[in-house]
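Summary of structural features
Residues per chain, in single letters:
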Amino acid sequence: MKLNLNDNLLDLRGIPQDKLLCEILADILATSSTDRPAQTMAWAYDLIKNGEIEISKDDKKFIIGLIINNQMFVDLAKAQLIDELEKLSD
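What comes next is a walk through the structure. The structure displayed is predicted, hence computed values, not measured ones.

**Digging into the overall build of the protein**
The secondary structure content of the protein amounts to 4 helices and 4 strands. When the helices and strands of the protein are listed from N to C terminus, the series reads β-β-β-α-α-β-α-α. Over its C-alpha trace the protein gives a radius of gyration of 12 Å, about what one expects of a compact globule, namely 12 Å for 90 residues. Taken along its principal axes, the extent of the C-alpha atoms in the protein is 35 × 25 × 25 Å. For the protein, the accessible area works out to roughly 5,400 Å², and carbon and sulfur atoms hold 50% of it. In the protein, the 10 positive side-chain charges and the 16 negative ones have mean positions that sit 2 Å from each other.

**Some points on helix α2 (residues 37-50)**
Residues spaced three or four apart along an α-helix point in a common direction, a consequence of the helix completing one turn every 3.6 residues. If you check α2, its first and last C-alpha atoms are 20 Å apart, about what 14 residues at 1.5 Å a residue would give, namely 20 Å. Along α2, the residues classified as buried are Thr40, Trp43, Ala44 and Leu47. Down the axis of α2, the smallest arc covering the buried residues is 100°, so these residues share one side. For α2, the exposed residues set more than 90 degrees away from the buried face come down to Ala38, Tyr45 and Lys49. Each element contacted by the buried residues of α2 is listed here: α1 (21-31), β4 (52-54) and α3 (57-69). With its phi angle positive at about 80°, Gly51 sits one or two positions after the end of α2.

**Looking at the packing of aromatic side chains**
For the structure on display, the rule yields 1 aromatic pair. Centroid distance Trp43 to Phe62: 6.2 Å. Interplanar angle 50°. Geometry classified as tilted. Of this pair, Trp43 sits in helix α2 while Phe62 sits in helix α3, placing them 19 residues apart in sequence. No difference in accessibility class separates Trp43 from Phe62, as the two residues are buried. Across the ring face of Phe62, the terminal group of Arg36 is positioned such that the distance to the ring centre comes to 4.2 Å.

**Quick look at the packing of α1 against α3**
Any two packed helices are characterised by how steeply their axes cross, that is the angle between the axes, and by the distance between the axes. Closest axis-to-axis distance for the α1/α3 pair is 10 Å, and the angle between their directions is 85°. Viewed along their axes, α1 and α3 adopt a mutual orientation that is roughly perpendicular. Mapping the contact onto sequence places Leu25, Ile28 and Leu29 in α1 and Ile63, Leu66 and Ile67 in α3. Grouping the amino acids of the contact of α1 with α3 by side-chain chemistry returns 6 nonpolar, no polar and no charged.

**What to know about a nonpolar patch on the surface**
Judged by side-chain polarity, Leu12, Val74 and Leu76 come together as a nonpolar surface patch covering roughly 320 Å² of accessible area. In this structure Val74 comes out as exposed when scored by relative accessible area, which is 55%.

**A closer look at the nonpolar core**
If you look at the biggest cluster of nonpolar residues, it comprises 27 residues, and the most contacted ones within it are Leu25 and Ile63. If you list the elements that add at least two residues to this core, you get α1, α2, α3 and α4 (75-87). Among the elements that take part in this core, α1 stands out by supplying 7 residues, more than any other.

About the criteria used
Residues numbered from 1 in each chain as written. Predicted model: local features only at pLDDT ≥ 70, side-chain atom pairs only at ≥ 80, totals over all residues. Heavy atoms only, no water. Helix = DSSP H or I, 4+ residues; strand = E, 2+ residues; numbered from the N terminus. Rg over C-alpha atoms; globule rule 2.2 N^0.38 Å. Areas by Shrake-Rupley, 256 points an atom, 1.4 Å probe, with all protein chains shown as cover. Lys, Arg positive; Asp, Glu negative; His and termini not counted. Charge placed at Lys NZ, Arg CZ, Asp CG, Glu CD. Expected span 1.5 Å × (residues − 1). Buried < 20%, exposed > 50% of the residue type's maximum accessible area, 1.4 Å probe, protein only. Arc of directions from axis to C-beta. Contact = heavy atoms within 4.5 Å. Phe/Tyr/Trp six-rings, centres within 6.5 Å; stacked < 30°, edge-to-face > 60°. Lys NZ or Arg CZ within 6 Å of the ring centre and 35° of its normal. Axes fitted to C-alpha atoms, helices over the stretch in contact; angles between N-to-C directions. Parallel < 35°, antiparallel > 145°, perpendicular 65-115°, else oblique. Nonpolar A, V, L, I, M, F, W, Y, C, P; charged D, E, K, R; others polar. Patch = residues over 30% accessible without salt bridge, like charges linked within 9 Å, V, L, I, M, F, W, Y side chains within 5 Å. Salt bridge = Lys/Arg side-chain N within 4 Å of Asp/Glu carboxyl O. Core = buried A, V, L, I, M, F, W, Y, C linked by side-chain atoms within 4.5 Å.

Here you go:
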């Protein structure tokens, strides 16, 4: 599945903000501590470079878990990232 996050974060009114969703997820991945550091860093680099990554169904669950457990970002950003992931067909 291709996860494309090359869209701006939206505020509560739907107004685009300066930060891109791909940058937010890249930050979450790069600052996480997982048992898959090479994979999370490769995803982070690809998100910054291309705005998208190729993931599997299991990767999708893994990334959603990282987003939920991350304390660095607010729920506004986390909810939009999770929504984009859940739109992907398995």
